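These are the residues of each chain, in order.
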Amino acid sequence: MIKDGLLVAQKVEQLNSEASNRLRVHSIETFGTHDGPGIRMVVFVQGCQFRCLYCANPDTMDVKGGHFLEIEELVERAIKQRSYFGKKGGVTVSGGEPLLQRSILKKLFNRLHEEGVNTVLDSNGRLIDQQAKDLLEVTDLLMLDVKHFNNEWHKKLTGLSNVNTFKVAEHRESTGKPMWLRYVLVPGWSDQEEHLHELGNHFKDYKTIERVEILPYHQLGVHKWEALGMEYKLKDVSPPDAQKVEKTASIFMSYFKDVRVN
Amino acid sequence: MLNLSREVLALREGDWNKRIDVRDFVTLNVTPYYGDASFLAGATERTKQLWQICIAAMKEERERNGCRAIDTETISGITSHGPGYINKELEVIMGLQTDELLKRAMKPFGGIRVVEGAVAEKGQQVTQRVKEIFDYTKDHNNAVFAAYDEEIRNYRSQGILTGLPDNYARGRIIGDYRRLALYGIDRLIEAKEEDKRLVDGEMTEHKIRLREEITDQIIALKDIRKMGSMYGLDLSRPAQNAREAVQWVYMAYLAAVKEQDGAAMSLGNVSSFLDVYIERDLAEGFITEEEAQEFIDQFVMKLRMVRHLRPEAYDEIFGGDPTWVTEAIGGQFADGRTKVTKTSFRFLQTLYNLGPSPEPNLTVLWSQDLPEGFKEFCAQVSIDTSSIQYENDDLMRLVRGSDDYGIACCVSYQELGKRIQFFGARVNLPKTLLMALNEGREENAGAKLLENIPSLEGEYLNYEEVMTNFKKSMVEVARVYSKTMNIIHYMHDKYYYEKAQLAFVDSDPGIDMAYGIAGISIIADSLSAIKYGKVKAIRNEKGLTVDFKVEGDYPKFGNDDERVDSIAREITKFFSEELAKHKCYKNAFSTLSLLTITSNVMYGKKTGATPDGRKAGEAFAPGANPMHGRDEHGAIASLNSVAKLDYRDAQDGISNTFSIVPKSLGSDREDQTDNLVGLLDAYFRLNGHHLNVNVLNRETLMDAYEHPENYPQLTIRVSGYAVNFIRLSKAHQLEVIARTFHERM
Ligand code: SF4
């Protein structure tokens with residue numbers, strides 16, 4: 001159901017059935033080169049509670065959409081592509097929001113580890129419970145999407161609070177396992193310098209942050225919003241120009257040693 | 001600058017001193033290079049000035065409808081034209097096909113009529129004297145048609161067999177042009193004389209022919225010596241330094257392209273051979289790196305200026321004005337050392353010094369064991385210029401057996417100096433399938449070409465029935481194809497023998513008959529649609545299928561789905577084995593390619609709707625590529641499907657074109673290079689045979705489509721080959737843009 005141009009909030013519990021061996025998947029990209037190190041198979045899972053105004057994959061939001069794939073089927077596909085992964089690559093689970101299917105993903109990641117495949121989780125940090133922690137335990141690299149530092153702006157941009165995202169980061173730091181921060185740069189929405197500095201300050205002492213990636217906002221997903229009967233509210237926002245991207249990068253660089261534009 | 005008094009430096013001696021054996025020389029004397037590209041030098045002032053002259057001449061060529069000038073009076077041969085220069089003062093490597101840059105010459109022994117047509121298209125006329133010569137002699141074209149039977153003529157006119165070299169020169173043969181530099185003419189003649197003496201005893205047809213061929217080769221060698229002297233070169237002796245080595249090799253190649261205008265005339269595998277001479281001169285302080293690069297730049301410049309006189313229809317089929325001067329670079333020795341030398345780098349460096357270009361067709365022989373520095377440089381050059389293609393050296397060495405080979409035309413292995421190849425164009429397999437569905441009739445005109453193909457009555461196609469008919473049809477097509485090839489090559493030997501090239505090949509070489517298939521992905525998808533979906537045949541009043549309605553989804557080639565990938569493999573194997581059952585002229589070994597070059601657009605135009613849902617007239621996918629837009633799971637799934645085709649069933653080559661925008665390779669330069677290396681390593685580890693890499697922006701192409709004048713050097717690779725984008729027809733340009741770009745969201 002769509003209200004105010006957006007898909008209404010949905011129950012998500014059924015996505016995380018511990019007994020299940022099937023993942024609700026939106027699509028698979030076999031030559032992922034922008035979602036973690038090296039060449040990766042990227043599994044876009046279905047279902048997300050955020051309603052990011054710029055979402056490039058709005059068709060992944062609906063928790064009832066997509067199709068089911070058996071864990072073993074995914075593992076088999078990964079094995080077929082293993083040659084391409086080389087030393088750095090592997091499998092990335094992105095979305096949608098993968099944490100919604102955390103207990104199933106834990107099984108997937110365990111299986112991938114058995115096959116010697118590296119695992120990356122690309123998450124907005126929506127929730128943190130014991131099962132989420134268990135999944136993070138078998139995640140070689142966490143790519144945490146911080147949508148905004150300021151909670152009011154975060155709500156405006158995504159519809160929900162950023163409190164859990166910071167909790168996920170804090171937990172990751174406590175485990176000592178590596179993470180990257182990813183930041184979508186939307187002119188007029190997430191480019192306020194004071195908030196960029198706040199973000200830098202907050203995370204600057206995190207030892208597990210290996211890299212910060214700036215993802216310049218783009219409109220490549222607009223046609224999907226229309227097809228879904230939802231309203232794309234950022235129609236008039238253009239992608240950031242090179243200067244803006246550079247400015248943002250230079251701010252982040254004063255806090256982090258490896259900052260990249262993706 | 002030529003220091004002729006200098007003694008030849010000590011080279012390691014071996015078998016090559018006793019008999020003609022370039023491989024032995026290279027193996028013993030080469031210096032493998034394991035470093036990176038940092039030693040390379042830019043173009044010298046001379047080279048830059050010379051290249052500007054060429055660029056201006058090419059502009060004139062384009063303005064004059066693709067042909068700058070024609071010599072309509074002379075039949076081209078090794079010594080037909082006096083020395084030609086771009087600018088004598090600036091040239092360190094000399095030699096042009098005619099007396100003037102980009103002036104095209106007539107080589108009418110393939111077919112005088114085609115030459116007359118090509119000349120007429122440019123508003124000129126072949127001189128009376130030349131026409132009269134052909135009142136008294138025969139050309140290849142006439143001879144072939146004298147022997148063709150009605151069945152062959154029908155298959156040809158209905159487009160089942162296409163692109164046959166029956167009215168133009170067959171090409172594909174690679175002379176081992178290194179021999180001239182290593183041995184000089186006199187020693188080569190001596191060896192040929194000796195070979196001829198050994199052909200004695202009872203005079204069988206084989207021996208008679210051999211004696212005649214060797215005599216022709218000796219005549220060619222003498223002519224080449226004469227051609228050299230026109231440039232003041234003494235080709236009778238071996239080259240004594242690096243500049244001479246380059247010059248000698250080029251002279252041998254030049255003789256070939258003066259005598260022949262074969263569809264594809266590769267250079268071979270000369271870079272690491274030349275490196276032996278260059279390293280020696282560098283070590284002695286005789287030349288600098290700048291000079292070494294200058295030799296290679298100017299050599300490559302000359303190769304870029306090679307032209308043949310072609311009719312417009314030919315350009316339309318092949319796209320642009322290709323010459324396929326293919327040079328194979330890199331690879332490994334059987335003994336585990338790398339064949340990569342600094343001169344392998346220098347050849348690639350020409351793409352920076354002279355800018356990107358489709359010619360010469362630089363082909364990297366990729367091995368898992370290539371030095372990392374070389375792999376990275378290749379990836380970098382690919383990303384910058386899109387002007388390299390890659391082939392699986394590990395696979396070819398293993399299956400074909402030699403580590404000293406070149407690439408004939410676009411993708412085909414050819415052992416240098418030991419084996420040659422008979423080019424076989426290709427069969428249109430989707431049309432063969434349509435005959436199987438139409439009681440043996442061609443789908444457009446309805447002409448009956450096959451007997452005993454039962455009609456398929458049902459509205460919906462039945463897989464078993466279709467397969468039975470299709471296999472029957474393939475058996476017949478293979479039979480006709482084989483006899484056609486035998487006639488063509490018998491006549492080509494007789495009327496347009498490549499004496500200049502074969503002078504640099506062993507006297508009784510092994511031969512591969514290079515058959516080909518177009519449209520394998522359409523076949524796989526069509527059969528998969530019939531097997532896993534439901535396909536309704538829509539027939540016209542004559543009972544011919546005019547369209548197909550595909551109901552339900554079906555597995556498509558290009559998604560790493562075994563259900564359909566296995567069909568592609570099975571059909572390739574079946575057809576390959578059928579061909580091998582027929583005896584070949586000169587006992588050639590039967591091989592098969594899955595390759596279309598650019599002609600996939602033309603094949604599409606002439607082929608009716610197919611059961612995969614492809615509409616009548618729609619382009620085929622190039623080579624062994626999945627059909628446009630049907631590879632839905634991204635690049636790797638697509639590559640995996642093609643890699644599953646078995647090279648042993650298609651030893652003439654399995655061509656795959658991979659287009660990608662730079663951004664999709666990674667977000668920064670380092671990632672892009674790493675990922676491309678990773679991709680090549682993986683594709684070839686999975687036994688993929690060939691990969692063309694196009695790293696391009698869709699925007700660049702759209703802009704080039706609209707403003708061709710701004711992109712004179714924009715190169716794109718199509719299956720097995722690179723072309724200048726602006727020399728493609730508008731239809732080809734659009735086809736290239738529409739082709740799957742592996743863009744990601
Ligand atoms: S978190 Fe990701 S998937 Fe969810 S709405 Fe935002 S951008 Fe879309």
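Residues numbered from 1 in each chain as written. Chains lettered and ligands numbered in written order. Predicted model: local features only at pLDDT ≥ 70, side-chain atom pairs only at ≥ 80, totals over all residues. Heavy atoms only, no water.

### Remarks on the pairing of strand β10 (residues 209–216) of chain A
Residue and element names in this part refer to chain A.
Piece 1. Among the eight residues in β10, six count as buried, and that is most of the element.
Piece 2. As paired elements, strand β9 (residues 179–185) and β10 share seven bridges and run parallel to each other. By the bridge assignment, Tyr183 is partnered in β10 with Ile214.
Piece 3. Handedness of the crossover joining β9 and β10 through helix α6 (residues 193–203) is recorded here as right-handed.
Piece 4. Looking at chain direction, β10 and strand β11 (residues 259–261) are connected through three bridges and run parallel. Note on β11: the bridge partner recorded for Glu213 is Arg260. (Buried < 20%, exposed > 50% of the residue type's maximum accessible area, 1.4 Å probe, protein only. Helix = DSSP H or I, 4+ residues; strand = E, 2+ residues; numbered from the N terminus. Pairing = 2+ DSSP bridges. Right-handed = clockwise from strand over helix to strand, strands pointing away.)

### Structural notes on the side chain of Ser386(B)
Piece 1. Structurally, Ser386(B) can be placed in the loop between α15 (372–385) and β6 (389–392).
Piece 2. Residue classification places Ser386(B) among the buried residues on the basis of a relative accessible area of 1%.

### Remarks on the domain arrangement of chain B
All names here are of chain B.
Piece 1. The domain boundaries assigned to chain B delineate domain 1 (6–137 + 168–417) and domain 2 (149–167 + 426–506 + 516–574 + 594–646).
Piece 2. With centres defined by C-alpha atoms, the gap from domain 1 to domain 2 works out at 34 Å.
Piece 3. Between domain 1 and domain 2, the contact holds 42 residues from the first and 28 residues from the second.
Piece 4. In total, about 3,100 Å² of surface goes out of reach between domain 1 and domain 2, with carbon and sulfur atoms giving 58% of it.
Piece 5. Our enumeration of links across domain 1 and domain 2 arrives at four salt bridges.
Piece 6. The partner of Asp506 in a salt bridge is Arg179, with the nearest N and O atoms 2.8 Å apart.
Piece 7. Summed over the shared surface of domain 1 and domain 2, the number is 13 residue pairs in polar contact (both at pLDDT 80 or more).
Piece 8. For the side of domain 1 that touches domain 2, the secondary structure elements donating two or more residues are α8 (178–198), α9 (205–230), α10 (242–259) and α13 (312–318).
Piece 9. Broken down by element, the residue count for the side of domain 1 that touches domain 2 peaks at seven residues, all from α9. (Domains from an automatic or database assignment. Contact = heavy atoms within 4.5 Å. Buried area = accessible area lost by both parts, 1.4 Å probe. Salt bridge = Lys/Arg side-chain N within 4 Å of Asp/Glu carboxyl O. Polar contact = N/O pair within 3.5 Å; in protein donor to acceptor, adjacent residues only side chain to side chain.)

### As for the nonpolar core
Residue and element names in this part refer to chain B.
Piece 1. In this structure, Phe273, Phe299, Phe470, Leu527, Ile571 and Phe575 are the most contacted members of the largest nonpolar core, which totals 206 residues.
Piece 2. Residue assignment places this core across two domains, with domain 1 (6–137 + 168–417) and domain 2 (149–167 + 426–506 + 516–574 + 594–646) each supplying three or more.
Piece 3. Ignoring sequence-local partners within four residues, the contact set of Phe470 consists of Leu429, Thr432, Leu433, Ala436, Ile523, Leu527 and Ile571. (Core = buried A, V, L, I, M, F, W, Y, C linked by side-chain atoms within 4.5 Å.)

### Comments concerning the packing of helix α6 (residues 140–147) of chain B against helix α18 (residues 463–495) of chain B
All names here are of chain B.
Piece 1. In the contact formed by α6 and α18, the axes pass within 9 Å of each other and the chain directions differ by 140°. Overall, the two elements α6 and α18 adopt an arrangement that is oblique. You can see that α6 and α18 cross each other, and the crossing is right-handed. In this structure, α6 contributes His140, Ala143, Val144 and Ala147 to the contact, and α18 contributes Ile487, Ile488, Met491, His492 and Tyr495.
Piece 2. Residues of the contact of α6 with α18, tallied by class, amount to seven nonpolar, two polar and no charged. (Axes fitted to C-alpha atoms, helices over the stretch in contact; angles between N-to-C directions. Parallel < 35°, antiparallel > 145°, perpendicular 65-115°, else oblique. Left-handed = near helix turned anticlockwise from the far one by under 90°. Nonpolar A, V, L, I, M, F, W, Y, C, P; charged D, E, K, R; others polar.)

### Describing the interface of chain A and chain B
Note on interface size: it is often stated as the accessible area lost on association of the parts.
Piece 1. Across the boundary between the two partners, chain A contributes 21 residues, which contact 26 residues of chain B.
Piece 2. For the pair chain A and chain B, the summed buried area comes to about 2,100 Å², and 51% of that belongs to carbon and sulfur atoms.
Piece 3. Contact with chain B buries surface across chain A, with Phe31(A), His34(A) and Tyr84(A) losing the most and accounting together for 31% of the total.
Piece 4. Measuring nitrogen to oxygen at the nearest pair gives 3.0 Å for the salt bridge that ties Lys88(A) to Asp674(B).
Piece 5. Our enumeration of links across chain A and chain B arrives at nine residue pairs in polar contact (both at pLDDT 80 or more).
Piece 6. Secondary structure elements with two or more residues in the side of chain A that touches chain B: β3 (22–32), α1 (71–85) and β11 of chain A.

### Here we look at the sheet that holds strand β16 (residues 657–660) of chain B
Residue and element names in this part refer to chain B.
Piece 1. Taken in spatial order, the five strands of this open sheet run β4-β5-β6-β17-β16, and their pairing is mixed. The sheet is open, and its two edges are formed by β4 (326–330) and β16, each paired on a single side. Mean inter-strand twist for the sheet, computed between neighbouring axes without regard to direction, equals 30°.
Piece 2. One ladder, built from five bridges, connects β4 with strand β5 (residues 361–366); its direction is parallel. What sits directly across from Ala328, in β5, is Thr363.
Piece 3. Helix-sheet contacts for helix α16 (residues 393–400) involve β5 and β6, and the interaxial angle to β6 is about 40°.

### Comments concerning the packing of aromatic side chains
Piece 1. Tallying each qualifying case throughout the model produces 35 aromatic pairs over all chains.
Piece 2. Put simply, the rings of Tyr33(B), Phe39(B), Phe345(B), Tyr352(B), Phe374(B) and Phe377(B) touch in pairs and so form one group of aromatic residues.
Piece 3. Here the guanidinium or amino end of Arg211(A) rests over the ring plane of Trp180(A), the centre of that ring lying 4.0 Å away.
Piece 4. Stacked on the ring of Phe333(B), the Lys or Arg Arg337(B) has its end atom at 4.8 Å from the ring centre. (Phe/Tyr/Trp six-rings, centres within 6.5 Å; stacked < 30°, edge-to-face > 60°. Lys NZ or Arg CZ within 6 Å of the ring centre and 35° of its normal.)

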